[in-house]
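# Inside the fold
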Amino acid sequence: MPKKQYTTIKRTKLAFLPSVRATNKVFKKLHKRIMKWTRTVLRRIKMSRFLKPRFVSEHKSLSHITSTGKMRLLETKTERGYRPQLLAAIKDITSCRDEPFQVCDVNDIIEKYKTWAKLLPDIDTYYAVKCNDDLPVLQLLATLGTCFDCASREEIRKVLSLGITPERIIYANPTKPISHITYASGVGVDIMTFDNENELHKIYKCFPESKLVLRIRSDATSALYPMGMKFGCDPIKDAPKLLRTAKSLGLNVVGVSFHVGSGCQEPAAYGRAIRAARAVFDHSNTLGFKFSLLDIGGGYPGGSGSSLEELADIIKTALKSHFSDLSVRVMAEPGSYYVASAYTVATCIHSIRNVVDDDNVEQHRMYYVNDGVFGSFNCVVTVHDTVYPQPLKEYLDGTMLSSSVWGPTCDGLDKIVDNALLPDMQIGDWILFGNMGAYSLPLVTTFNGYLIPKVYYVMNQELKLATKDILSIPSKYIRIMEDKPK
């Protein structure tokens with residue numbers, strides 16, 4: 001595929017704009033509009049660093065971080081599944097608070113970006129905002145060069161507020177409220193998906209100039225979050241009819257998308273879906289369409305210890321087999337891949353209940369912590385996800401008890417872990433849960449009056465200096481990971 005060309009937007013002062021001194025209402029109104037426009041332009045120029053899909057001279061401070069071998073990496077050996085530096089940072093936070101919190105390892109996200117760029121360099125990434133819309137995450141990914149997959153008006157608005165251009169957003173929701181389509185039209189987000197005839201008629205009325213992407217159904221045999229029961233048309237039975245309808249309405253369909261399911265556990269599903277997409281491409285030619293976009297969706301592994309290599313090989317092989325003869329831009333919508341392993345939830349034990357038998361012998365231990373399924377652990381209820389408790393400190397006596405972990409609310413469903421072997425812990429001890437970056441923060445509620453956990457961002461001193469003008473993080477929520485933890 002031809003390499004893209006990027007230009008640098010230089011920071012300039014808008015000295016040429018006059019300072020209008022108006023005396024009557026007309027000129028006062030004009031002056032107000034000019035000043036508003038001036039502030040907007042200045043803000044966009046200030047944020048222009050986020051608009052470039054690759055690093056240029058303005059980002060020398062970050063370019064060396066994403067270059068292989070040029071950044072001094074932190075210790076990679078793990079202690080009970082966590083880097084020693086990360087554990088040291090978490091212990092520092094727990095020493096001054098007893099409320100639950102989340103920790104984001106910023107370097108982990110950068111490493112995921114570098115891995116994708118190495119294994120799938122020709123596939124543009126559109127980060128799935130719904131997965132984790134934490135502002136510093138969006139700012140970091142925007143600076144690294146990712147584009148964005150938005151599924152609603154508010155997600156589009158949030159991404160645009162970063163200074164991202166509309167061309168770097170796909171409205172990837174096949175079923176959209178009319179008001180959201182109208183908003184997308186007004187701000188210039190013109191690439192959007194569809195999978196049914198009614199959606200075509202809505203788009204025809206609200207945004208006929210849009211560039212449409214037909215979403216087909218091609219499910220993995222195993223996925224944590226199946227998608228096909230709700231989205232995607234049958235590529236053989238339904239796709240031809242939908243394309244004919246789009247043609248009759250004069251709509252511009254530019255490509256095909258699919259989503260094999262979040263947390264895909266069948267890598268071969270991507271090859272199967274790419275083959276199905278090519279058949280739709282071929283049929284579109286008979287109707288006069290000129291498809292140029294293939295969106296291979298999400299579902300990429302992002303947990304600790306997971307690997308993208310096998311999946312990348314399957315995707316590259318399938319693209320070579322089915323699309324090597326076409327000039328097609330390929331994009332993907334990774335979400336969990338970028339953030340899952342970057343976040344850890346820290347909870348504090350505030351109550352303990354001993355369950356005993358008739359002889360007063362303890363059979364089970366119930367630990368009550370200060371975060372639960374109405375907070376960071378919503379995934380336990382919504383998708384029956386399994387989370388794994390890890391005590392923060394080591395217990396050397398080796399005693400392990402049949403235990404369950406419960407959230408703080410008065411709801412009986414607020415159970416995080418049903419049954420696990422855990423040490424003999426005390427009130428005030430901390431339990432960690434790793435791989436919590438995906439579908440955790442966006443689903444948190446304040447049910448029963450419990451507050452949304454604060455997020456602390458950990459990084460080494462070098463990364464802190466490189467991102468000081470990029471990430472909107474109050475200094476009190478930044479922790480430096482020491483190279484040699486005490």
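Residues numbered from 1 in each chain as written. Predicted model: local features only at pLDDT ≥ 70, side-chain atom pairs only at ≥ 80, totals over all residues. Heavy atoms only, no water.

### Notes on the packing of helix α9 (residues 239–248) against helix α10 (residues 268–286)
In a packed pair of helices, the relevant descriptors are the angle between the two axes and the axis-to-axis distance. It is at 10 Å that the axes of α9 and α10 come closest, and there the two elements cross at 40°. The way α9 lies across α10 gives a crossing that is right-handed. Contacts from Ala239, Pro240, Leu243 and Arg244 in α9 reach Val280, His283 and Ser284 in α10. For the contact of α9 with α10, the residue count by class is 4 nonpolar, 2 polar and 1 charged. (Axes fitted to C-alpha atoms, helices over the stretch in contact; angles between N-to-C directions. Helix = DSSP H or I, 4+ residues; strand = E, 2+ residues; numbered from the N terminus. Left-handed = near helix turned anticlockwise from the far one by under 90°. Contact = heavy atoms within 4.5 Å. Nonpolar A, V, L, I, M, F, W, Y, C, P; charged D, E, K, R; others polar.)

### Focus: the packing of aromatic side chains
Summed over the entire model, instances satisfying the criterion amount to 14 aromatic pairs. Between Phe281 and Phe323, the ring centres sit 5.0 Å apart and the planes meet at 85°, which makes this aromatic pair edge-to-face. Of this pair, Phe281 sits in helix α10 while Phe323 is found in helix α11 (residues 309–323), placing the two residues 42 residues apart along the sequence. Looking at Phe281, the relative accessible area reads 2%, which means it is buried. Using a relative accessible area of 6% as the deciding quantity, one classes Phe323 as buried. (Phe/Tyr/Trp six-rings, centres within 6.5 Å; stacked < 30°, edge-to-face > 60°. Buried < 20%, exposed > 50% of the residue type's maximum accessible area, 1.4 Å probe, protein only.)

### Quick notes on the nonpolar core
In this structure, Tyr127, Ile296, Tyr300 and Ile315 are the most contacted members of the largest nonpolar core, which totals 110 residues. Per-element accounting of this core gives the leading share, 8 residues, to α10. With residues near it in sequence (within four places) discarded, Tyr300 still touches Trp116, Tyr270, Leu308, Leu311, Ile315, Ala332, Glu333, Pro334 and Tyr337. In terms of nonpolar packing, the next biggest core, distinct from the first, is built from 19 residues, Tyr367, Val417, Leu422 and Ile431 among them. (Core = buried A, V, L, I, M, F, W, Y, C linked by side-chain atoms within 4.5 Å.)

### Observations regarding α9
Residues of α9 that are buried: Ala239, Pro240, Leu242, Leu243, Thr245 and Ala246. Directly beyond the C-terminal end of α9, a positive phi value near 75° is found at Gly250.

### Quick look at the pattern of salt bridges
Per the stated rule, a full pass over the model turns up 19 salt bridges. The salt bridge involving Lys114 is made with Glu111; its shortest N-O contact spans 3.4 Å. Here Glu111 and Lys114 lie together in helix α4 (residues 106–119), a separation of 3 residues that amounts to about one turn. The partner of Asp429 in a salt bridge is Lys393, and the shortest N-O contact between them spans 3.6 Å. Taken together, the residues span a long stretch of sequence, with Asp429 in the loop between β16 (415–423) and β17 (430–433) and Lys393 in the loop between β14 (389–391) and β15 (400–406) at a distance of 36 residues. The structure contains a network of salt bridges with shared partners spanning Arg153, Glu154 and Arg157. (Salt bridge = Lys/Arg side-chain N within 4 Å of Asp/Glu carboxyl O.)

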